[in-house]
Amino acid sequence: MGLTWPWWFPKDATYEDFFHFLPRRRIGFPFEMGSAEIRLEITNTERLLKMAEREQEELSALLEMRLKMKDTQLSEFQVLLEDIFSRTQYFNHLDSSVALPQRFLEMLERLHSLRTSLVEHMGE
Amino acid sequence: MNPSRQRCINSSAIKNRTKDTPDVLNDGRSIVEDLKVSLRDYQVKEQTESAIVQSRAEAAVEFGRVLEDAAVLLAHETLRSHIRTINRDMKEYSEPDSEVLFQIEDHANDAILERLNDRITNLEKYLGVQ
């Protein structure tokens, strides 16, 4: 059985959506697990991946955890940035697409495309 | 002020330049300090050498690690960009006749970026992308 797409991101989401660019996507903390719990789960799942007979099941779990980790990291970062700028009336934060140099945007776009290829490959 | 470039300082500060100057500069310095402190939480760990990916399991593990490093790098570079921008905003604000005083070329994260791109290239090769 192949992998299913995570429900919290549509398959055709752009890399700006995927990486929670400000100001287009502001999210809360949709997950019950914190970063430490997700990290522990990732470590355990990577260990289980060495057991070949459970590979498909563990691959699915690992990718799901990795996406949750990414979302948690970036949600926390959004909150941090907005918290810092909430203390002033004279400065606003930049849009992510302006703050990040082009060479960083290109890397993020490559990585987003890679994620699509990887999930398709895992489902074969 | 150069109208073409992006800035963090807003119109409220610019309109009241004389009256609010000390407040604006104090706010700016305070934000820069907060941003600098936050940089410590977004350091990309020492990356391992880019290795050839040979299996689905290795690809999934490597992709996850690259994704985590990329998210940290995104945050780190965003913080650095805000620090650069606010410092430049404050310089122009306090010396409005100075035009663009300094062009900051910041390539501190370029080595990490290059390594991430190498790791992405290896994953692309395994997946037959390109």
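What counts as what
- Each residue is numbered by its place in its chain's sequence as written, counting from 1.
- Chain letters start at A and ligand numbers start at 1, both assigned in the order the entries are written.
- Under the rules for a predicted model, residues below a pLDDT of 70 receive no local features and side-chain atom pairs below 80 are neither given nor counted, while totals for whole chains, interfaces and linings still include all residues.
- Runs of E in the DSSP output that reach at least two residues are strands. Runs of H or I that reach at least four are helices, and both are numbered from the N terminus.
- With C-beta atoms placed from the backbone, a residue is buried if 20 or more other C-beta atoms are within 10 Å of its own, exposed if 12 or fewer are, and partly exposed between those counts.
- Placing a C-beta atom from the backbone of each residue, one calls two residues in contact when those atoms lie within 7 Å.
- Summary of the metric used: pLDDT quantifies the predictor's per-residue confidence within the range 0 to 100.
- Here, a nonpolar core means buried Ala, Val, Leu, Ile, Met, Phe, Trp, Tyr and Cys residues linked by C-beta atoms lying within 7 Å of one another.

## Some thoughts on the overall build of chain A
Step number 1: Within chain A one finds five helices and zero strands.
Step number 2: Sequence-ordered secondary structure for chain A, helices as α and strands as β, is α-α-α-α-α.
Step number 3: Out of the 124 residues in chain A, the part that is buried amounts to 35%.
Step number 4: Long-range contacts, defined as pairs at least 24 residues apart, comprise 64% of the intrachain contacts of chain A with a sequence gap of at least 6.

## Topic: the confidence of the model for chain A
Step number 1: Per-residue pLDDT for chain A has a mean of 83; in total, 81% of the residues score no lower than 70.
Step number 2: The spread of mean pLDDT over the elements of chain A runs between helix H2 (residues 35-48) of chain A, the lowest at 89, and helix H4 (residues 96-99) of chain A, the highest at 94.

## Brief notes about the environment of Thr85(B)
Step number 1: Checked against the element boundaries, Thr85(B) lands in helix H3 (residues 56-94).
Step number 2: Taking C-alpha positions, Thr85(B) is 19 Å from Tyr42(B), a pair spaced 43 residues apart along the chain.
Step number 3: The residues contacting Thr85(B), other than those within four sequence positions of it, are Leu94(A), Gln6(B), Arg7(B) and Cys8(B).

## A short note on the nonpolar core
Step number 1: Counting residues in each nonpolar core, the largest one holds 58 residues, and the members touching the most others are Leu111(A), Ala60(B), Phe63(B), Ala70(B) and Leu74(B).
Step number 2: Among the elements of the structure, H2, helix H3 (55-85) and helix H5 (102-122) of chain A together with helix H2 (17-39), H3 and helix H4 (110-127) of chain B are those that each provide at least two residues to this core.
Step number 3: If you tally residues by element for this core, the top one is H3(B), at 16 residues.
Step number 4: Excluding residues within four positions of it along the chain, Ala60(B) makes contact with Leu59(A), Leu62(A), Leu63(A) and Met122(A).

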